[in-house]
Structures are given as structure tokens and as C-alpha cells.
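Notes for the structure review
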Amino acid sequence: MKTNVVNISMTTNDGLENKVSNGGDNSTSLKSRLGQIVLVFQGGGALGAYQIGVYEALHEAGIEPDWVIGTSIGAINAALIAGNPVDRRLARLEEFWRRVEHGDWLSLLSSAPGIGPFIANSATVASGLEAFFTPNPLAFLSAHMPLGAEKAGYYSTVPLATNLKDLVDEDVLNSGAPRITVGAANIRTGAMHYFDSREDRIGAQHILASGALPPAFPAVRIDGDLYWDGGILSNTPVEAVFDDKPRRNSLVFSVQLWHPRGVEPSSIWQVMSRQKDVQFASRTESQIARQKQLHRLRHIVAELAAELSEEQLQNNRVKMLASYGCVTRMHVVRLLAQPLDAEDQTKDIDFSRSGIRQRRAAGREDTLRVLKSAPWNGEFDPMEGFILHEVDRGVISEVP
């Protein structure tokens with residue numbers, strides 16, 4: 001791995017700059033050189049506050065996405081972006097997260113050293129979040145209680161549906177500027193399904209389906225089928241970009257809330273936390289290796305086809321084989337959210353004011369580093385169609 005450390009001075013505004021300087025790049029200049037701009041948001045509950053900071057830095061730099069993709073909390077953040085005009089997007093994100101954060105006393109408790117965060121997060125389990133999910137009393141009576149397929153969950157997400165309808169304009173959401181895709185798991189088939197505004201009219205029910213994590217939240221029925229949280233199959237929905245047809249040159253910001261790599265756990269407490277990271281990182285390392293290989297092979301096929309004569313290319317079989325070639329290029333910026341000090345397996349329900357604030361600040365700072373470094377500029381092997389730039393613990397690296 002080739003690693004280039006980027007040292008950037010962050011000043012004012014709690015350690016972050018007020019202005020973004022990124023060599024003049026904005027949406028127009030980036031699109032003209034690199035193609036469509038795509039934001040991919042992983043699921044992760046309260047960890048999704050990191051994604052606010054990522055969007056904030058891009059927004060301040062005048063970089064708006066052409067396409068947003070998400071699962072679970074990532075789908076919610078994606079809808080808040082795609083479902084509002086540019087000048088309202090950040091405000092809507094902020095308002096949603098303000099509504100779901102812990103109240104004053106729980107936020108104060110979560111900042112107490114020792115078991116304070118655990119007690120605060122346990123209170124969330126017991127009583128829910130007023131603007132997000134509330135307990136379903138019948139579900140707590142017995143696991144065998146017949147609740148019905150669309151109510152079989154420990155919590156109700158009616159408050160979330162209300163907030164989505166309040167903060168997301170469905171007409172804007174389906175305008176195609178930007179396109180939005182959300183992933184959900186089809187319970188009947190066990191397959192991943194992507195609801196896409198290019199083909200479907202996206203509404204609150206699609207966002208709820210993408211975040212219906214069992215057994216906490218009940219399944220959501222759409223067109224006769226029941227759906228659960230897409231994160232149980234693919235929590236990092238970047239595959240939607242790679243499998244899109246026709247393929248397009250892209251600059252993809254893939255925002256990961258669960259870290260795929262970590263240290264060996266030495267206690268059950270640490271095991272429980274690391275287990276979540278591994279589970280919800282969703283095999284990103286193998287996905288990346290596969291996509292790099294596929295894109296290289298497509299470039300090789302295109303190069304071989306270019307060596308053939310016009311007469312050879314008229315042969316139907318040769319023409320069919322040559323169609324597997326592709327010269328599109330994707331620059332994928334993988335932003336790995338770092339854990340906060342002393343967080344544990346309850347981190348995904350840490351809706352404390354300080355937790356949200358810290359994660360948002362980290363997302364903004366990491367994205368500022370990327371914009372200042374602009375790792376997509378430079379010379380690259382023409383045979384490479386997939387170029388990965390990774391941001392991990394403040395270090396930006398190109399991963400071969």
C-alpha cells in the first residue's frame with residue numbers, strides 16, 4: 001500500500017476551518033474531468049452523524065452529488081439530501097439529527113466517565129427515541145406474541161415516518177437531481193433489492209424499509225412484498241454503482257461507519273463491539289478486490305478490441321465479445337469513520353449530543369483532507385478502471 005500522509009492545519013470553529021480550499025474544484029469542474037459524483041452511505045444508526053460532516057464539507061466546497069445511495073441510516077441521510085433543494089439540504093440534515101438526539105439529562109449522563117454512556121444508551125433501548133422509534137409494548141410481553149407481519153418488531157417507527165414526511169419533499173426526492181437509490185432485503189426471496197428513483201417513485205415507505213432492522217423494527221410492505229433493512233445483506237451499497245448500466249465515469253465517496261479492520265479483542269465486551277464492526281462492514285475488502293479485477297479485465301478487453309481490424313469487428317461473435325470491454329474509470333474515495341474514545345457495542349444507539357457532534361466534526365475534517373489533497377488528480381495506469389483512495393485515521397492512501 002502506498003501511503004501519503006496529508007498534514008492540514010485545521011483552525012477555528014472547534015478545530016475545523018470555516019472555508020474549504022480545494023484547488024478550485026466544484027461540481028462542474030469535477031464532473032467535466034471525472035464524471036458523475038456519487039455519495040454512498042453505509043448503515044449504522046447513530047454512527048450516521050459522521051455522514052452529516054461528509055456532506056457538509058462537500059456542500060461548502062460547492063460539490064453536490066448526482067446520485068446518493070444508502071441503506072438504513074444512510075438511506076435516511078440520502079433522502080434528506082435528495083429530498084430537498086440544495087440550499088435546504090444541510091439544514092434538513094441538522095434538523096433531523098437535532099430531533100433524534102438525546103434530551104438534556106441523557107446527554108449529560110452520556111458524557112459522564114465510566115458507565116455513563118452505557119446507562120444512557122440502555123435508556124434508549126428501554127424507552128426509544130421520541131422522534132425516531134418508540135417501544136411496541138405487546139412485543140415485550142412474549143417473543144411468541146402474534147403481532148402481524150407488519151408490526152412484528154420491538155419498536156414502532158411511526159415517529160420516523162412522520163419526520164420523513166415533514167423533512168423530505170417527495171416531489172424533489174423524485175426529481176432525479178440527484179438520483180436516489182436505497183437498499184432493502186426482500187424477506188420472501190432473501191435477495192437485495194435497490195429502489196431507484198430512476199425506475200420507482202421513492203417515498204417514506206422505501207426509506208423505512210431500508211432501515212427496518214429486525215427484530216427491532218418491523219418489516220415494511222411494498223407492492224405486496226415485505227422488506228427488512230438492506231444492511232443484513234449488504235450494508236455498504238457501493239455495488240449499486242459498480243453494477244449500474246450503462247457504466248459511467250464516476251467519483252464515488254463511499255462513507256463507511258463500521259471499520260473493516262481492527263485489533264484483537266481481549267474481553268467479551270470488546271468482542272461484542274468488534275463483532276458488529278466485522279458484520280456490518282459487509283465484506284468491503286473482498287468487494288473492492290473483485291471490482292478492481294473486473295474493471296481491469298474490462299479495460300483489457302477494450303484494449304484487445306482496439307487491436308482488431310474493422311472487418312474482424314463486423315463478425316457478430318467478435319462484436320459480442322468486444323461488448324464486454326469498457327473504458328470507464330471510477331475513483332472511489334473510501335472514508336472510514338474512526339471510533340470515539342471508549343465507545344462500545346452500543347455505539348450505534350449513542351444519540352447523545354456530544355456523540356453526534358463529534359462524529360459530524362470527524363466526517364467534515366476527513367472530507368476536508370480529501371478535498372485539499374484531491375487524490376484523483378495525477379497520472380494513473382490507463383489499464384486501471386477502479387482506483388481506490390482510502391482515508392483512515394487522518395491518512396490518505398492509494399490502495400493497489
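A short tour of the structure in this document, coming up. Only a predicted model underlies this, so the values are computations on that prediction, with no experimental measurement involved.

Description of the overall build of the chain
Summing up its helical and strand segments, the chain has 16 helices and 13 strands in all. Its C-alpha atoms give the chain principal-axis dimensions of about 75 × 55 × 45 Å. Across the 400 residues in the chain, those meeting the buried criterion constitute 52%. Partitioning the contacts of the chain with sequence separation of at least 6, the portion at a separation of at least 24 is 76%. Just so you have it, the chain exposes about 18,400 Å², and 55% of that area is on carbon and sulfur atoms.

Describing the environment of Met 192
With respect to the secondary-structure elements, Met 192 resides in strand β7 (residues 192–196). Judged by its relative accessible area of 22%, Met 192 falls in the partly exposed class. Along the sequence, Met 192 and Gln 293 sit 101 residues apart, while their C-alpha atoms lie 23 Å from each other. Excluding residues within four positions of it along the chain, Met 192 makes contact with Thr 71, Gly 183, Ala 184, Gly 230, Leu 233, Ser 234 and Glu 239.

Focus: the pairing of strand β3 (residues 67–70)
The two faces of β3 match: Trp 67 and Ile 69 on one face and Val 68 and Gly 70 on the other face are all buried. In this region the chain leaves strand β2 (residues 36–41), passes through helix α2 (residues 49–60) and returns to the parallel neighbour β3; the handedness of that crossover is right-handed. Note: β3 against strand β6 (residues 179–186), 4 bridges, orientation parallel. Considered in β6, the bridge of Ile 69 is made with Thr 181.

Observations regarding empty space enclosed by the protein
The probe, sized like a water molecule, is rolled over the atoms to show the empty space still left. Overall, the coordinates contain 2 cavities of 30 Å³ or more when judged by the stated rule. Estimates place the volume of the largest cavity at around 70 Å³. In this structure, the largest cavity is lined by Thr 236, Val 238, Phe 242, Ser 254, Gln 256, Thr 284, Gln 287, Ile 288, Val 332 and Arg 334. Grouping the constituent residues of the lining of the largest cavity by class yields 4 nonpolar, 5 polar and 1 charged. In this structure, the second largest cavity occupies an estimated 60 Å³ of space. In this structure, the second largest cavity is lined by Ala 79, Leu 164, Lys 165, Val 168, Glu 170, Leu 173, Gly 203, Ala 204 and Ile 207. Elements with a contribution of two residues or more to the lining of the second largest cavity: α8 (158–167), α9 (170–173) and α10 (204–210). Residues belonging to the lining of the second largest cavity are distributed by class as follows: 6 nonpolar, 1 polar and 2 charged.

A short note on the pairing of strand β10 (residues 250–256)
Most of β10 sits inside the fold, with 7 of its 7 residues counted as buried. Alternating residues of β10 divide into Ser 250, Val 252, Ser 254 and Gln 256 and Leu 251, Phe 253 and Val 255, and every residue in both groups is buried. Pairing of β2 with β10, which is carried by 6 bridges, proceeds in the parallel orientation. If you follow Leu 39 over to β10, its bridge partner there is Phe 253. In the sheet, β10 pairs with strand β11 (residues 330–336) via 7 bridges, with the strands oriented parallel. Bridging across to β11, Ser 250 finds its partner in Met 330.

Re the packing of α2 against helix α4 (residues 86–100)
Between α2 and α4, the least distance of the axes is 11 Å, while the angle of their chain directions is 160°. Relative to α4, the element α2 is oriented roughly antiparallel. In terms of crossing hand, the pair formed by α2 and α4 is left-handed. The residues of α4 that touch α2, namely those facing Ala 49, Ile 52, Tyr 55, Glu 56 and His 59, are Val 86, Arg 89, Leu 90, Leu 93 and Trp 97. Grouping the amino acids of the contact of α2 with α4 by side-chain chemistry returns 7 nonpolar, 1 polar and 2 charged.

Things to note about the pattern of salt bridges
Evaluation of the coordinates by the stated rule reveals 29 salt bridges. The partner of Glu 95 in a salt bridge is Arg 99, and the shortest N-O contact between them spans 2.7 Å. With Glu 95 and Arg 99 both in helix α4 and 4 residues apart, the pair spans about one turn of that helix. A residue is classified by how much of its surface remains accessible, and Arg 99, at 26% relative accessible area, is partly exposed. For Arg 221, the salt bridge goes to Glu 150, with nearest N and O atoms at 3.1 Å. With Arg 221 in strand β8 (residues 220–222) and Glu 150 in the loop between α7 (137–141) and β5 (155–156), the pair connects residues that are 71 residues apart, well separated along the chain. Take Arg 221: its relative accessible area is 36%, and that puts it in the partly exposed class.

Side note on the side chain of Asp 366
Tracing the chain through its elements places Asp 366 in helix α16 (residues 353–373). The exposure class assigned to Asp 366 is buried, which follows from its relative accessible area of 8%. Contacts of Asp 366, omitting those with residues within four sequence positions, involve Tyr 50, Leu 335, Leu 336 and Val 391.

So, how was this worked out
- Residues numbered from 1 in each chain as written.
- Predicted model: local features only at pLDDT ≥ 70, side-chain atom pairs only at ≥ 80, totals over all residues.
- Heavy atoms only, no water.
- Helix = DSSP H or I, 4+ residues; strand = E, 2+ residues; numbered from the N terminus.
- Buried < 20%, exposed > 50% of the residue type's maximum accessible area, 1.4 Å probe, protein only.
- Contact = heavy atoms within 4.5 Å.
- Areas by Shrake-Rupley, 256 points an atom, 1.4 Å probe, with all protein chains shown as cover.
- Right-handed = clockwise from strand over helix to strand, strands pointing away.
- Pairing = 2+ DSSP bridges.
- 1 Å grid on protein atoms, 1.4 Å probe; cavity = no way out; pocket = protein on both sides within 12 Å on 5 of 7 lines; lining within 4 Å.
- Points joined across faces, edges and corners; volume = space filled by probe spheres on them.
- Nonpolar A, V, L, I, M, F, W, Y, C, P; charged D, E, K, R; others polar.
- Axes fitted to C-alpha atoms, helices over the stretch in contact; angles between N-to-C directions.
- Parallel < 35°, antiparallel > 145°, perpendicular 65-115°, else oblique.
- Left-handed = near helix turned anticlockwise from the far one by under 90°.
- Salt bridge = Lys/Arg side-chain N within 4 Å of Asp/Glu carboxyl O.

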